[in-house]
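Now for the letters of each chain:
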Amino acid sequence: MADGMRLSRESLQAALRQRGALWAPNDAGHWSQVEALPELGPIRPRRPVKDLFTPPRREIARWKAGAGPAEIEPAQPDQTPGSVFGVRPCDARALLLLDRAFLQPSCVDPHYKARRENLLLIGVACQPGPNCYCGVFGFGPDDKDAVDVMLTPEAGGFVAQAGSPRGQAFLATVPAGAAVPLAAPRPGPQPEWWTGLPDPKALYANFDHPMWHELGISCMNCGVCTQYCPTCQCFTIDDESFKGEIQRLRIVDNCQRSDFTRMAGGHNPRQVAASRLRQRVLHKFSYIPTQNPGLLGCTGCGRCVDLCPLDRHLFADVFEIMKRINQEAERVA
Amino acid sequence: MLRDPLLPLAARISERVDETADTVTFHFELLDEAERKAFRYLPGQFAEISAFGEGESTFVIAGDPAKPERLTVTTKRVGAHTEALHHLYAGAIIGFRGPYGKAFPVAEWKGKDIVIAGGGIGLAPLKPIVCHILNHRADYGKLTIVYGARSPGDLMYATDREIWAKAPNTELVVTVDKGDANWKGREGFVPAVLRAAAPSAQNAVAITCGPPIMIKLTLPVFKDLGFPAERIFTTLEMKMKCGLGQCGRCNIGPFYVCKDGPVFSVAQLQQLPQEF
Ligand SMILES: Cc1cc2nc3c(=O)[nH]c(=O)nc-3n(C[C@H](O)[C@H](O)[C@H](O)COP(=O)(O)OP(=O)(O)OC[C@H]3O[C@@H](n4cnc5c(N)ncnc54)[C@H](O)[C@@H]3O)c2cc1C
Ligand code: SF4
Ligand code: SF4
Ligand code: FES
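Because the structure is predicted, anything quoted here is derived from the model rather than measured. (Residues numbered from 1 in each chain as written. Chains lettered and ligands numbered in written order. Predicted model: local features only at pLDDT ≥ 70, side-chain atom pairs only at ≥ 80, totals over all residues. Heavy atoms only, no water.)

Engineer: Any chance you could explain the overall build of chain A here in plain terms?
Structural biologist: Helices and strands together make up the secondary structure of chain A, namely 10 helices and 12 strands. Taken along the three principal axes of its C-alpha coordinates, chain A extends 65 × 60 × 35 Å. Looking at chain A residue by residue over its 333 residues, the buried ones come to 55%. If you take every contact in chain A between residues at least 6 apart in sequence, the share linking residues at least 24 apart comes to 72%. Accessible surface computed for chain A: about 14800 Å², of which carbon and sulfur atoms make up 53%. Averaging the positions of the 37 positive and the 35 negative side-chain charges in chain A gives two centres separated by 2 Å. (Helix = DSSP H or I, 4+ residues; strand = E, 2+ residues; numbered from the N terminus. Buried < 20%, exposed > 50% of the residue type's maximum accessible area, 1.4 Å probe, protein only. Contact = heavy atoms within 4.5 Å. Areas by Shrake-Rupley, 256 points an atom, 1.4 Å probe, with all protein chains shown as cover. Lys, Arg positive; Asp, Glu negative; His and termini not counted. Charge placed at Lys NZ, Arg CZ, Asp CG, Glu CD.)

Take a look at the structure:
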């Protein structure tokens, strides 16, 4: 069994401050710059850490109304070196999926890249909440695969292990405490409703199943589930003008809005609620794994379940139905 | 330094052609000389164009791919941003990002006959194909173009059509749904006119773009003429924002239309959910 490294809170904080700026969740659960390591709640904060990498609202450029093209000022990527403290495994794993979109070799987002390169991800193991289900995806609350350093809290400090060469190099800068044997990784929660991951092809094959309409009736398409999701990447591009200055903005958007696919002239391939809810499920559990083998559009953070105003648990319902469809198919065969 | 792929390049409109009452073609060039000289695109690729301060929208690059310094888009006025574009004239500055998307596989079509059926503004994505074939005339077999519009006043690309009509080994059939007092040409819908023209499917490729209803009725005609689904191509229209496979908007089945399309064979489309 590998060893972890015992770190006092003070020495970790000093080393992180030495490295640069520090971000952590604030009391409201938003990611903000801090001076000292905050006390964290037991589970992931309200907002996913993606906010620091692909912010809900970011400027592309600005210019004065009527200005010539030379006066277009592109927004500059934030190159501040630093660290993010308190990253949870579900949010860190979600970044691996966002990397596929924003670090595509043909169109790297320089803002995203700068943040990915400059910010060290310091994970802190969590105490799973009632709606967490990372365990079904094969990882748990102290998973270190997508962070640079994973910390397990203990009295007075943490036991640290490196999750990446970069994390290893950082740990070498922290005054070494005692080496302690690491406990076996804790499995993540496997909730009762989990009936197994449906096969991406089987889900797709049930594109026209009546379940989508039945489930669509009980959703109000508010989009909260996508707004808080750590893997959701959708955005829109808009120009906003204010007092003679125009900004081109990249603003978070979500597939549950009817306008999302409404084209000029009114044609909308996803006119009804059911079609948008189906899009959310199929994108996460069929299209993404088809395009990116090994990845899914969900990391089990449970925010969409926590935050749904109607207390819906869409995936539980869909997977239950898929399980019945499978059993039926097996019975017939 | 890495350039933000969402940041447009500035371009200057060099010429404006009012094609019909609601459709304007803009010819323009990139202001930055190095960018202008290095720019290349293929038939079927598209761009994001902006009237600064008014938004951004998607248009196919409807020029001659052999002359990439002179860029062209043909725009139909259908909403807020296209309305703003139509207030621009020669000399105005617009924003440009591109080229994006998969092109028509024109290199794979060498040695084959080409049959094109276009309706209305759907001629825009087809024009670069015609230019490419006429630029490399010996590489391709017979070219048949069936082009239709609602009325004589809705026909676009008058100058180009004059050239096409005289091109070697090329048959141009123009039709309108309903003629007017001065119209001496053909009347009838594209699918019916295509059926009557009856181009051979032997060693041939078919391409169709136009209003959804026209495409819907044209595909069975191609099928009846003997074209297999693998050899019929079209472009998919889906709302877009980024053009890069990032904003998620154009996702349909396992594809992003902006990245994996907009050009698809009918065989590929048959694999997609029937969402549109
Ligand atoms: C691959 C592709 C190629 C296209 N080529 C052409 C062309 O050559 N000529 C032409 O006139 N039109 C073309 N279109 C359609 C054109 O993009 C829309 O008509 C245009 O975006 C409408 O903008 P609007 O602001 O006037 O309309 P609004 O209804 O106000 O739309 C607001 C915004 O939504 C988005 N949007 C709305 N409808 C569409 C749509 N159908 N497709 C993509 N984005 C949309 C745009 O960002 C638009 O600015 C093409 C669309 C696609 C997907
Ligand atoms: S949060 Fe709930 S009601 Fe809102 S769109 Fe998601 S599932 Fe529907
Ligand atoms: S779909 Fe729900 S549970 Fe899965 S990652 Fe997104 S918010 Fe978390
Ligand atoms: S237009 Fe943004 S993903 Fe295709």
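Engineer: How should the nonpolar core be read in this particular structure?
Structural biologist: Grouped burial of nonpolar side chains is what soluble globular proteins tend to show. Counting residues in each nonpolar core, the largest one holds 46 residues, and the members touching the most others are A:Val49, A:Phe53, A:Val84, A:Val87 and B:Val257. When contributions to this core are tallied by element, the ones reaching two or more residues are β2 (21-25), β4 (57-64), β6 (82-87), α2 (89-102), β7 (119-124) and β11 (235-242) of chain A together with α7 (257-260) of chain B. With 33 residues, the next largest nonpolar core counts A:Tyr287, A:Leu296, A:Cys304 and A:Val305 among its residues. (Core = buried A, V, L, I, M, F, W, Y, C linked by side-chain atoms within 4.5 Å.)

Engineer: Mind showing me how you'd approach the sheet that holds strand β5 (residues 73-74) of chain A here?
Structural biologist: Pairing between the strands of a sheet comes from backbone hydrogen bonds, and it takes one of two forms, parallel or antiparallel. Residue and element names in this part refer to chain A. Reading across from one edge, β5-β4-β12-β11 is the order of the four strands in this open sheet, with antiparallel pairing throughout. Two strands in the sheet have a free side with no partner beyond their single neighbour: β5 and β11. Pairing between β11 and strand β12 (residues 245-252): eight bridges, direction antiparallel. Its bridge partner lying in β12, Phe242 is registered against Glu245. (Pairing = 2+ DSSP bridges.)

Engineer: For this particular structure, what's the right way to read the pattern of salt bridges?
Structural biologist: A pair can form between side chains of opposite charge whenever their charged atoms are brought close. All names here are of chain B. Applying the stated criterion to the full structure yields 39 salt bridges over all chains. Residue Glu15 is joined to Arg70 by a salt bridge in which the shortest nitrogen-to-oxygen separation is 3.0 Å. Highlighted residues: Glu15 in strand β1 (residues 9-18) and Arg70 in the loop between β4 (57-60) and β5 (71-76), separated in sequence by 55 residues. Between Glu33 and Lys37 there is a salt bridge, with the nearest N and O atoms lying 3.1 Å from each other. Of the two residues, Glu33 and Lys37 both sit in helix α1 (residues 33-38), four residues apart, roughly one turn of that helix. On the accessibility criterion, Lys37 (45% relative accessible area) is partly exposed. (Salt bridge = Lys/Arg side-chain N within 4 Å of Asp/Glu carboxyl O.)

Engineer: How should I be thinking about the environment of A:Ser275 in this particular structure?
Structural biologist: Residues and elements named next belong to chain A. Inspection of the secondary structure assignment puts Ser275 in helix α8 (residues 273-291). Separated by 177 residues in sequence, Ser275 and Leu98 have C-alpha atoms that sit 24 Å apart. Polar contacts involving the side chain of Ser275 include one to the main-chain carbonyl oxygen of Val272, which spans 2.6 Å. (Polar contact = N/O pair within 3.5 Å; in protein donor to acceptor, adjacent residues only side chain to side chain.)

Engineer: Would you explain the sheet that holds strand β10 (residues 179-181) of chain A in this entry?
Structural biologist: Residue and element names in this part refer to chain A. Ordered by their spatial adjacency, eight strands build an open sheet running β3-β2-β6-β7-β8-β9-β1-β10, and the pairing between neighbours is mixed. This sheet does not close on itself; its edge strands, each paired only once, are β3 (31-33) and β10. Mean inter-strand twist for the sheet, computed between neighbouring axes without regard to direction, equals 30 degrees. Sheet topology places β2 next to β6; three bridges connect them, and they run parallel. Residue Trp23 lies in a different strand from β6, and its bridge partner there is Val84. Together, β1 (3-8), β2, β6, β7, β8 (149-154) and β9 (157-162) form the strand contacts of helix α1 (residues 9-19), whose direction differs from that of β1 by roughly 90 degrees. (Axes fitted to C-alpha atoms, helices over the stretch in contact; angles between N-to-C directions.)

Engineer: I keep staring at the packing of aromatic side chains and nothing clicks. Help me out?
Structural biologist: As enumerated under the stated definition, the model contains 23 aromatic pairs over all chains in all. Plain terms: the ring middles of A:Tyr204 and A:Tyr287 are 5.7 Å apart, the flat faces sit at 80 degrees to each other, and that makes the pair edge-to-face. Here the residue A:Tyr204 occupies a position in helix α5 (residues 200-205), and A:Tyr287 occupies one in helix α8, the gap between them amounting to 83 residues. Residue classification places A:Tyr287 among the buried positions, given a relative accessible area of 1%. Ring geometry for B:Phe104 versus B:Trp109: centroids 6.1 Å apart, planes at 50 degrees, classification tilted. Using a relative accessible area of 2% as the deciding quantity, one classes B:Phe104 as buried. (Phe/Tyr/Trp six-rings, centres within 6.5 Å; stacked < 30°, edge-to-face > 60°.)

Engineer: Got a minute to help me understand the site of ligand 1 in this structure?
Structural biologist: Residues in close proximity to ligand 1 total 22 residues, the closest being B:Thr58, B:Thr74, B:Lys76, B:Thr82 and B:Glu237. In this structure, ligand 1 is bordered by residues of chains A and B. A distance of 2.7 Å separates an oxygen atom of ligand 1 from a polar backbone atom of B:Lys76. Between ligand 1 and the protein, one listed contact pairs an oxygen atom with a backbone N or O atom of B:His81 at 2.9 Å. Across the complex, the protein chains shield 87% of the 830 Å² of accessible surface that ligand 1 would expose by itself. Residue assignment for the shell around ligand 1 shows that the elements contributing at least two residues are β4, β5 and α2 (80-85) of chain B. Residue contributions to the shell around ligand 1 peak at four residues, all from β4(B). The residue inventory of the shell around ligand 1, partitioned by class, reads 10 nonpolar, seven polar and five charged. (Near = heavy atom within 4 Å. Nonpolar A, V, L, I, M, F, W, Y, C, P; charged D, E, K, R; others polar.)

Engineer: Can you walk me through the packing of helix α5 (residues 190-197) of chain B against helix α6 (residues 212-225) of chain B in this structure?
Structural biologist: The angle between the axes and the distance between the axes are what describe a pair of packed helices. All names here are of chain B. Where α5 contacts α6, the two axes come as close as 8 Å, and the packing angle between them is 15 degrees. By the angle between their directions, the pair α5 and α6 is classed as roughly parallel. In this structure, α5 meets α6 at a crossing whose hand is right-handed. Residue-level inspection shows Val190, Pro191, Leu194 and Arg195 of α5 in contact with α6, the latter providing Met214, Leu217, Thr218, Val221, Phe222, Asp224 and Leu225. The class makeup of the residues in the contact of α5 with α6 is eight nonpolar, one polar and two charged. (Parallel < 35°, antiparallel > 145°, perpendicular 65-115°, else oblique. Left-handed = near helix turned anticlockwise from the far one by under 90°.)

Engineer: Is there a simple way to explain α8(A) in this structure?
Structural biologist: Residue pairs spaced three or four apart in an α-helix point in one direction, given the helix's 3.6 residues per turn. Residues and elements named next belong to chain A. Taking 1.5 Å as the rise per residue, α8 with 19 residues should run 27 Å; its terminal C-alpha atoms sit 25 Å apart, in good agreement. The largest bend in α8 amounts to roughly 50 degrees and is located at His283. With 16 of 19 residues buried, α8 lies mostly within the body of the structure. (Expected span 1.5 Å × (residues − 1). Bend = angle between axes of the 7 residues up to and from the residue.)

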